Amino acid sequence: MQNVLISGASVAGPVLAYWLRQYGFEPTIVERTPALRHGLGGHAVDLFGSGVEVARRMGIGEAVQAARTRTELMTLFRNGKKPVEINVDKLSSGISDRHVEILRGELTSLLYDATRDRVEYLFGDSIATLNDDGQGVDVTFEHSEPRRFDLVIGADGMHSTVRRLAFGPEESMRRPLGGYLGVYSMPDELALGNRMFVHMEIGKIASTYGVHQTGQARAAFLFRRREELQYDYRDKDQQKRILADEFRDYGWEVPRLLKHLDAAEDFYFDSITQITLDSWQRGRIGLVGDAGYCPGPAVGGGTSLAVVTAYVLAGELAAARADLPSGLRNYENKIRRFVDLSRAVGPKVMGSIIPDSATALRAVPIAASVLPHLPLWVQRKLWSQNGVGKALDSLPLPDYSDLIRVPQS
């Protein structure tokens, strides 16, 4: 049985491991953080079209639907202007007729539960070195004993260790889009329930939405910067200071939101940056999801992209079982157009959700309030022309069912 090491236990990694196990491989997932991170933390992410279908084929479709955030109404605020209320379901239906918004932590937990009994997990560890000799990959870890694998896949996010070791420094592959995202949990002091409040200014957004599973709320912030901020992506205290300084004088409900920042244990902060490589495979080492082609957090449909491309990668490896490097190349060819479309969407979406001018600040609420009331075919056409709908719902899923060797449980 061929063994595959996957770095990263968030989204792409467990999806890949699930399907590799179905096809008769022996996958191992190594994850730097402890298992306790799985829960209801993280920001809300989206699954569109093909991503929802992959979840269904994995047997977790109903659980994913049950775990959706259930945000029904979004209220947009601007200084001195009347609030605008928007039906969230109607707004997203124009992008895809199959859409689920779910907390990232809950999706990760569902994927872990679907794989934990048949996939080896190494929590609290990370890859230290990789040596691909053409016949296999020798791997050393920070804590575990060295091992040899037939294939190594980096599914470890935008700051991928596998990518750094096998493809080079991150700096040469980054394309910053000029924005930043911060998210954390807090008490639902505004009694939001299934609502979302969004306040917009030029270059900044502050928002909060209810989490029905916990009775808490999430605070989420987006802002633009002309010059890239320099910070350690693992230093949460430094990142909290950056966010607090950026919104200290913002007004609205932000002081209420920021008072919970220091105590937040599930705080997430990063730049809205794309990862651009010409190729996502080197011999017996490959990349999937944000590690290979991050389209930009919050703006490019990265979660759905990760789910779909991990499914395709597993299928292509199974189809080329005797020649795994060939399977990596076939995977790359199959997903390239999908990845290119997702990358193109990022700058457009960022321009829409973080107004960069007074004109945009006026236009965004108008467009968001009008769009849900248009006929569905008109919405679909507009989203498609913009590139968003085409990117997020565009990859037909191949059928690899004839390659399954292990019955689904």
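Residues numbered from 1 in each chain as written. Predicted model: local features only at pLDDT ≥ 70, side-chain atom pairs only at ≥ 80, totals over all residues. Heavy atoms only, no water.

(A) Focus on unusual backbone geometry. A positive phi is found at Ala191, a non-glycine position, where the angle reads about 50°. Its place among the elements puts Ala191 in the loop between β12 (174-187) and β13 (195-201). A positive phi angle is found at Ala298, which is not glycine, with a value near 75°. Summarising the element assignment, Ala298 is placed in the loop between α9 (290-293) and α10 (302-319). (Helix = DSSP H or I, 4+ residues; strand = E, 2+ residues; numbered from the N terminus.)

(B) Representation of empty space enclosed by the protein within the structure. Inspection of the entire model under this criterion finds 1 cavity of 30 Å³ or more. If you add up the space inside the largest cavity, you get close to 30 Å³. Only α2 (50-57) and α5 (104-115) provide two or more residues apiece to the lining of the largest cavity. By residue class, the composition of the lining of the largest cavity is 7 nonpolar, 1 polar and no charged. (1 Å grid on protein atoms, 1.4 Å probe; cavity = no way out; pocket = protein on both sides within 12 Å on 5 of 7 lines; lining within 4 Å. Points joined across faces, edges and corners; volume = space filled by probe spheres on them. Nonpolar A, V, L, I, M, F, W, Y, C, P; charged D, E, K, R; others polar.)

(C) Expanded view of the sheet that holds β13. Taken in spatial order, the 7 strands make up an open sheet running β5-β4-β13-β14-β15-β12-β16, and their pairing is mixed. Each edge of the open sheet is held by one strand with a lone partner, namely β5 (84-87) and β16 (268-275). This sheet shows a mean twist of 20° between the axes of neighbouring strands, independent of strand direction. Pairing of strand β4 (residues 73-77) with β13, which is carried by 5 bridges, proceeds in the parallel orientation. Bridging from a neighbouring strand, Thr75 pairs with Phe197 of β13. Strand contacts of helix α7 (residues 236-247): β12, β14 (204-211), β15 (216-224) and β16, with the helix running at about 75° to β15, the strand carrying the most contacts. Running over the sheet, helix α11 (residues 324-353) touches β12, β13, β14, β15 and β16 and is turned about 60° from β12. (Pairing = 2+ DSSP bridges. Axes fitted to C-alpha atoms, helices over the stretch in contact; angles between N-to-C directions. Contact = heavy atoms within 4.5 Å.)

(D) Quick look at the packing of aromatic side chains. Summed over all chains, the structure comprises 21 aromatic pairs. Plain terms: the ring middles of Trp19 and Tyr311 are 5.2 Å apart, the flat faces sit at 85° to each other, and that makes the pair edge-to-face. Highlighted residues: Trp19 in helix α1 (residues 12-22) and Tyr311 in helix α10, separated in sequence by 292 residues. For Tyr311, a relative accessible area of 2% gives the class buried. Plain terms: the ring middles of Tyr112 and Phe123 are 5.7 Å apart, the flat faces sit at 80° to each other, and that makes the pair edge-to-face. Taken together, the residues span a long stretch of sequence, with Tyr112 in helix α5 and Phe123 in strand β7 (residues 120-123) at a distance of 11 residues. The exposure class assigned to Tyr112 is buried, which follows from its relative accessible area of 15%. We note Lys204 situated over the ring of Phe247; from NZ or CZ to the ring centre the distance is 5.4 Å. One cation-aromatic arrangement involves Arg336 over Trp280; the distance from NZ or CZ to the ring centre is 4.7 Å. (Phe/Tyr/Trp six-rings, centres within 6.5 Å; stacked < 30°, edge-to-face > 60°. Buried < 20%, exposed > 50% of the residue type's maximum accessible area, 1.4 Å probe, protein only. Lys NZ or Arg CZ within 6 Å of the ring centre and 35° of its normal.)

(E) Representation of the environment of Trp252. With respect to the element layout, Trp252 can be found in the loop between α7 and α8 (254-258). If sequence neighbours within four positions are ignored, Trp252 has contacts with Phe77, Phe197, His199, Ala206 and Leu257.

(F) Structural context of the sheet that holds β7. Spatially, the 6 strands line up as an open sheet ordered β7-β2-β1-β11-β18-β17, and their pairing is mixed. Lying at the two open borders of the sheet, with one neighbouring strand each, are β7 and β17 (281-282). Running over the sheet, α1 touches β1 (3-7), β2 (26-31), β7 and β11 (151-154) and is turned about 165° from β2.

(G) Molecular detail of α10. For α10, built from 18 residues, the straight-helix expectation of 26 Å at 1.5 Å per residue is met to within 8% by its first-to-last C-alpha distance of 25 Å. Buried residues dominate α10, accounting for 17 of its 18 residues. (Expected span 1.5 Å × (residues − 1).)

(H) Layout of the environment of Gln213. For Gln213, the location among the structural elements is in the loop between β14 and β15. In this structure Gln213 comes out as partly exposed when scored by relative accessible area, which is 26%. Separated by 3.1 Å, the side chain of Gln213 and the backbone oxygen of Ala67 make a polar contact. (Polar contact = N/O pair within 3.5 Å; in protein donor to acceptor, adjacent residues only side chain to side chain.)

(I) Structural detail: the environment of Glu31. By the secondary structure assignment, Glu31 is in strand β2. Considering only alpha carbons, one finds Glu31 and Ser7, 24 residues apart in sequence, at a separation of 6.2 Å.

(J) Here's a closer look at the pattern of salt bridges. Tallied over the full model, the rule gives 19 salt bridges. The shortest N-O distance in the salt bridge between Arg174 and Glu228 comes to 2.5 Å. Of the two residues, Arg174 is situated in strand β12 and Glu228 in the loop between β15 and α7; the sequence distance between them amounts to 54 residues. Salt-bridge contacts for Lys334 lead to Glu316; the nearest nitrogen and oxygen are separated by 3.3 Å. Placement of Lys334 in helix α11 and of Glu316 in helix α10 is noted, with a sequence separation of 18 residues between them. Looking at Lys334, the relative accessible area reads 43%, which means it is partly exposed. Exposure remark for Glu316: the relative accessible area of 7% places this residue in the buried category. Overlapping salt bridges bring together Arg163, Glu170, Arg174 and Glu228 as one network. (Salt bridge = Lys/Arg side-chain N within 4 Å of Asp/Glu carboxyl O.)

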